[in-house]
Amino acid sequence: MVSSDFRVTQHSLAQRTTTNMQTALQRLQEIQDQISSNKSITKASDDPVGAATALRLRSDVDRNAQITRNIDDATSWLNSADDTLNAVVTQVQRAKDLAIQAQNGTLSQTEQDAIATELDSIRQTMIGLGNTQYAGRSIFAGTANTAAYDSSGNFLGTNNAVERSIAPGTRVQINVTGGDVFGPAGADIFANMASLATAVRAGNSASIDAAVTALDGRTTIVQSRLAQIGATTRRVDTMKDRNDTGAITLKQDLSSVEDLDLPKAMMEMQLRQVAYQAALQTTAKVIQPSLLDFLK
Amino acid sequence: MGDFSGLNVALSALYAQRRGLEITGNNISNANTEGYSRQRIDLQAIGGPRTGTFFSRTLDTGGGVQVTGVSRMRDAFLEIRAALAHGDNGNLSRTQQSLGQVEALFNEPSDQSIAKSMSDFYSGWDDIANNPSDSAARQQLLSRATTLTETINTAATQLSQFRTDGINELSSLTAEVNTMSSNIAQLNDAIRGATSAGLNAGDLQDQRDLLVQQIASKVGATVRAGDNGQVNVFLNGSALVSGNSAMALKLDASTTPVVVRWAGSNNPATISSGDVGGLLGVVNTTLPSYSAALDAVAIKLRDDVNAVHTTGAGLDGVSGRKFFDGTGAADLTVSSDIGGNANNIAAAAVGSGTLDGSIALDIGEMATSDTSAQSAYRTMIVGLGVDTQNNQRRLDIQTKATDQVDGARDSASGVNTDEEMVSMVQYQHAYEAASRFMTSVDQMLDTLINRTGQVGR
């Protein structure tokens, strides 16, 4: 670096040692900044490629958190639908039991009326179930901003799908609509119940049989929708597991890109501290003596 | 040698050594003066035996010593190299300063940045899709969208503010350069006068050379030696200072790109180095390119979201509303079609029912798209990182080179106090010896005059 005929002056020596001390101190400050922030990338130019990955991963982490919210919402919705349809099946079972009672030919009109009244109340319960809400929204009303059924059992909703985004680019339909699960207007489960009650009131055995058969047919469909909801729930659960694992992986990846390797950084800081101290010590030794100290 | 000339020889030696001692003292005094070049006296013997003709003999022993001049230890070639190195250094460090500002402005990667606001914005759409009639989710999206547009607006405003600041700095730099070049011209004139009168112009030259190095670091000038110790300073081949006349520069910020012109001819002066060169690059290229990239991101965001949003319907069933208004990053806002009413945000596809969320889902999914505004923004940030890193590396290398040249200049011109101490001792001893010589001649004469011819007195 310095050839033998290179004159060294006190000024250049002072300049050079100042520069060296400054560099050593700067390097010490850099590593101390990194350690105190625990980040190896604090600005894009620290590592442009790493920063690109970090930006991408940060947005993926945000997306992942949103998808967790979407999935939780979907699961609650599906559970609510599952509970409701199971309750409907129970109600149908009770109605069928009453129908069998009514088939007993020895009932008086009063007794028939009593059974019919009970059937009517079961029908009202079912309409109530059809209007089940999740987070203020009727789950069988499709995309309509109304209750699914009015008090007489007329369908007010739409038969459109309600979807949730459960993975990047993957949507799943989480609703079953009133028309689909309870049957088309005029021939739905509530109409079946109404005709059963009428038949019981009239004591018409053939009509009771016909109404029970229709109810059975509808129950089969409700059960198949229950199976469908179960399948969707499992799919959403799988996605939740995958998403949760993804969250951990993403955070690990982000940490490995952005965060500091602390032991390594501490080691580096030690080295730089030593370098700085060495610069200070040599400076103190070098700049002090001059010929003046030795001339008398 | 005449009997009395010995006294004159001693006198000339006393003068010369004293002058040497003075110069040494001056060197020591200026050991830390910026731009000072160490000086040496040039000594020459007086008279002495001339080259004789054949067979001629002389008894002439010479008449002592004389100071023929004072020379300034300076390497002209190193000065030229230093001027170039300082120019490049100025250019790179000024550019680095601006890139650092831009990086700090975008503050990526962090939780307070445009990228984060964008993520939040896209997430907000999913919350609406999950519950389209929920006014809290809608209000949340509206405020996130406002945060995003305001963050982008601020960044755009700051970028143009940086540019305005840069132009102001350029205009004061131009004035500074003009002052310096006219000072150089004046010093050149004084140096010519002193040199032709045979005087020592070393201090004037030092002052002038310091100004030349300073002007070089401002505008990246090249230096050539002229007559009578003068120097000429050139900007890309055109004379900035020629002898005792200086050409003024002026800043023309009325056009884009901003140019520096010669005040006299109004022709553009090509400056690609020094602080001015760096700033011109920043003002004309660097900052506009980031402004343009940010505009492109804002327009991409506006177009992507609007293209989907206009096809959807708000809670009131009305479709065709835009989500964003604006022509670029500086004036991007949530559209007046939304008008601050969160129910006007279109989450539903037309004809799919009021509580449909498919439009909101479509917009939310832009978060993971590789062609979204977010990915355009990422590309811009990575570009900024690469530019800054490259420039920093070039600056580091250039700083090393500049330090080396400065070291070499100091090696040639700087004062070494040890050396000066040695010279001081040398001159002092010589002075003592000359005094002793004078005493000795004096005693000889005393013997001759006062003690000779006294026999038998």
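Residues numbered from 1 in each chain as written. Chains lettered and ligands numbered in written order. Predicted model: local features only at pLDDT ≥ 70, side-chain atom pairs only at ≥ 80, totals over all residues.

## Re the overall build of chain B
Line of reasoning, step 1. Along its length, chain B carries nine helices and 12 strands.
Line of reasoning, step 2. For 457 residues, the compact-globule estimate of 2.2 N^0.38 gives 23 Å, and chain B exceeds it by more than 25% at 39 Å.
Line of reasoning, step 3. Taken along the three principal axes of its C-alpha coordinates, chain B extends 150 × 45 × 35 Å.
Line of reasoning, step 4. Split into buried and exposed, the 457 residues of chain B put 41% on the buried side.
Line of reasoning, step 5. When contacts within chain B are restricted to residue pairs at least 6 apart in sequence, those whose partners lie at least 24 apart make up 71%. (Helix = DSSP H or I, 4+ residues; strand = E, 2+ residues; numbered from the N terminus. Rg over C-alpha atoms; globule rule 2.2 N^0.38 Å. Buried ≥ 20, exposed ≤ 12 C-beta atoms within 10 Å, placed from the backbone. Contact = placed C-beta atoms within 7 Å.)

## With respect to the pairing of strand β3 (residues 163-167) of chain A
Line of reasoning, step 1. Counting buried positions along β3 of chain A yields four of five residues, so the element is predominantly enclosed.
Line of reasoning, step 2. Linking β3 of chain A to strand β4 (residues 170-173) of chain A, which pair antiparallel, is a turn of two residues; within it Gly169 of chain A sits at a positive phi near 80 degrees. (Pairing = 2+ DSSP bridges.)

## Topic: the interface of chain B and chain A
Line of reasoning, step 1. Each partner contributes to the interface: chain B provides 46 residues, whereas chain A provides 43 residues.
Line of reasoning, step 2. Of all elements in the fold, only α3 (114-130), α7 (358-364), α8 (373-413) and α9 (417-451) of chain B reach the threshold of two or more residues within the side of chain B that touches chain A.
Line of reasoning, step 3. Top element by residues in the side of chain B that touches chain A is α8 of chain B. It accounts for 14 residues.
Line of reasoning, step 4. Considered class by class, the residues forming the side of chain B that touches chain A number 14 nonpolar, 23 polar and nine charged. (Nonpolar A, V, L, I, M, F, W, Y, C, P; charged D, E, K, R; others polar.)

## Some points on the environment of Ser255 of chain A
All names here are of chain A.
Line of reasoning, step 1. Its place among the elements puts Ser255 in helix α6 (residues 205-258).
Line of reasoning, step 2. Judged by C-beta crowding, with 13 C-beta atoms within 10 Å, Ser255 ranks as partly exposed.
Line of reasoning, step 3. Taking C-alpha positions, Ser255 is 8.8 Å from Ala54, a pair spaced 201 residues apart along the chain.

## Quick notes on the packing of α3 of chain B against α8 of chain B
All names here are of chain B.
Line of reasoning, step 1. With their axes 10 Å apart at the nearest point, α3 and α8 run at an angle of 170 degrees to one another. The pairing of α3 with α8 is recorded here as roughly antiparallel in orientation. The residues of α8 that touch α3, namely those facing Ile114, Ala115 and Met118, are Ala373, Gln374 and Tyr377.
Line of reasoning, step 2. The residue inventory of the contact of α3 with α8, partitioned by class, reads five nonpolar, one polar and no charged. (Axes fitted to C-alpha atoms, helices over the stretch in contact; angles between N-to-C directions. Parallel < 35°, antiparallel > 145°, perpendicular 65-115°, else oblique.)

## Focus: the packing of helix α2 (residues 48-103) of chain A against α6 of chain A
Residue and element names in this part refer to chain A.
Line of reasoning, step 1. Viewed as axis vectors pointing N to C, α2 and α6 meet at an angle of 160 degrees, and their least axial separation amounts to 7 Å. Comparing their axes, α6 and α2 come out roughly antiparallel. The two elements α2 and α6 cross, and the hand of that crossing is left-handed.
Line of reasoning, step 2. Classifying every residue of the contact of α2 with α6 by side-chain character gives 27 nonpolar, 14 polar and nine charged. (Left-handed = near helix turned anticlockwise from the far one by under 90°.)

## Quick look at the nonpolar core
Line of reasoning, step 1. Among the nonpolar cores identified, the biggest contains 144 residues, and Leu196 and Val200 of chain A together with Ile184 and Ile215 of chain B are the most heavily contacted of them.
Line of reasoning, step 2. With five residues, the next largest nonpolar core counts Val9, Ala10, Ala13 and Ala434 of chain B among its residues. (Core = buried A, V, L, I, M, F, W, Y, C linked by C-beta atoms within 7 Å.)

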